[in-house]
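# Report on the structure
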Amino acid sequence: MTRNYRPGGPLRPVTFMVRASDASTYGLHSTDFTGDNTRDDVQIQQAIDLLPTQGGEVYLSDGNFTIGDTVDCGVKRVAVRGAGMGITTLKLSNSANTSLINFGNSTTVTGGGGLYNLTINGNSANNTSGLGLRIQGCTDIDIVNVYATDFDLEGIYIDGASG
């Protein structure tokens with residue numbers, strides 16, 4: 001399930017793979033979690049929660065992930081990586097009215113991690129509130145090749161962060 005050690009080789013970050021229910025068949029042998037296209041935030045959150053305290057990576061396959069509640073990376077150094085903008089899409093479910101992804105919190109300063117190679121969609125026609133990516137109290141969070149679209153509020157909101 002975790003791939004964090006190669007005999008005779010260096011330690012690597014712990015990585016979990018979450019597969020969208022509509023993903024291509026490529027890479028099925030290495031899937032740790034599979035979304036249900038209803039509340040995919042549950043499987044993504046499970047992968048994040050299983051990472052060690054120092055963090056790691058959660059790789060999201062190609063396809064569409066439906067997010068019904070905030071995916072909370074907390075204060076771990078978590079890298080959430082998709083297969084590419086427009087290839088991996090996280091979309092807020094109807095009437096979720098919440099932030100899609102959160103890094104950090106208001107009381108603990110943390111650094112490292114980020115969001116890479118995906119699209120986040122706020123589904124504003126069916127939500128009256130909610131942020132896309134919320135970063136609070138963090139330093140050195142990467143946002144690389146991320147397309148934020150269709151949010152009622154901000155697609156990317158940074159609060160008390162630096163770097």
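Once a new chain begins, its residue numbering starts again from 1 and follows that chain's sequence as written. Restriction of local features to residues with pLDDT of at least 70 applies here, the model being predicted, together with a cutoff of 80 or more for giving and counting side-chain atom pairs; totals for whole chains, interfaces and linings are based on all residues. Values shown for side chains rest on all heavy atoms present in the structure; no hydrogens or waters enter the calculation.

This part is about the pattern of salt bridges. The rule for a salt bridge is simple: a side-chain nitrogen of Lys or Arg has to be within 4 Å of a carboxyl oxygen of Asp or Glu. Going through the model one piece at a time under the given rule, you end up with three salt bridges. Here Arg39 ties to Asp41 by a salt bridge, and the two come within 2.8 Å at their closest N and O atoms. A relative accessible area of 35% places Arg39 in the partly exposed class. We note a salt bridge from Arg81 to Glu57, for which the minimum N-O separation is 3.4 Å. You can see Arg81 sitting in strand E6 (residues 78-81) and its partner Glu57 sitting in strand E3 (residues 56-60), a full 24 residues away along the chain. The exposure class assigned to Arg81 is partly exposed, which follows from its relative accessible area of 27%. Relative accessibility thresholds used throughout: buried, under 20% of the residue-type maximum; exposed, over 50%; partly exposed, between the two (1.4 Å probe, protein chains only). Helix and strand definitions here come from DSSP, where helices need a minimum of 4 consecutive H or I residues and strands a minimum of 2 consecutive E residues; each element is numbered from the N-terminal end.

Another aspect to go through is the side chain of Asp40. By secondary structure assignment, the location of Asp40 is in helix H1 (residues 40-50). Each polar contact in these results corresponds to two N or O atoms within 3.5 Å; when the atoms are within protein, one needs to be able to donate a hydrogen and the other to accept it, and residues that are neighboring in sequence are counted only if both atoms are side-chain atoms. At a separation of 2.9 Å, a polar atom in the side chain of Asp40 contacts the main-chain amide nitrogen of Asn37. Contacts are assigned to residue pairs with any non-hydrogen atoms lying within 4.5 Å of each other. Excluding anything up to four places from it in sequence, Asp40 contacts Gly35, Asn64, Phe65, Thr66 and Ile67.

This next bit is on the pairing of strand E4 (residues 63-67). Counting buried positions along E4 gives four out of five residues, so the element sits mostly inside the fold. Strand direction decides the pairing type here: E4 and strand E7 (residues 88-92), joined by five bridges, are parallel. Its bridge partner lying in E7, Phe65 is registered against Leu90. DSSP bridges decide pairing: two strands pair if at least two such bridges lie between them.

A few words now on the packing of aromatic side chains. For any pair of aromatic rings, the description consists of the separation of the ring centres together with the inter-plane angle of the planes. For Phe, Tyr and Trp, rings pair up if their centres lie within 6.5 Å, where Trp contributes its six-membered ring, and each pair is then called stacked (planes under 30 degrees apart), edge-to-face (over 60) or tilted (otherwise). Scanning the model with the defined rule gives one aromatic pair in all. Residues Phe16 and Phe33 carry aromatic rings whose centres are separated by 6.0 Å and whose planes lie at 65 degrees to one another, so their mutual orientation is edge-to-face. One end of the pair, Phe16, is in strand E1 (residues 15-19); the other, Phe33, is in strand E2 (residues 33-34), and 17 residues separate them in sequence. One exposure class covers both Phe16 and Phe33, and it is buried. Lysine NZ or arginine CZ positioned within 6 Å of the ring centre and within 35 degrees of the ring normal marks a charge as sitting over the ring. Taking NZ or CZ as reference, Arg81 lies 4.1 Å from the ring centre of Tyr116, over its face.

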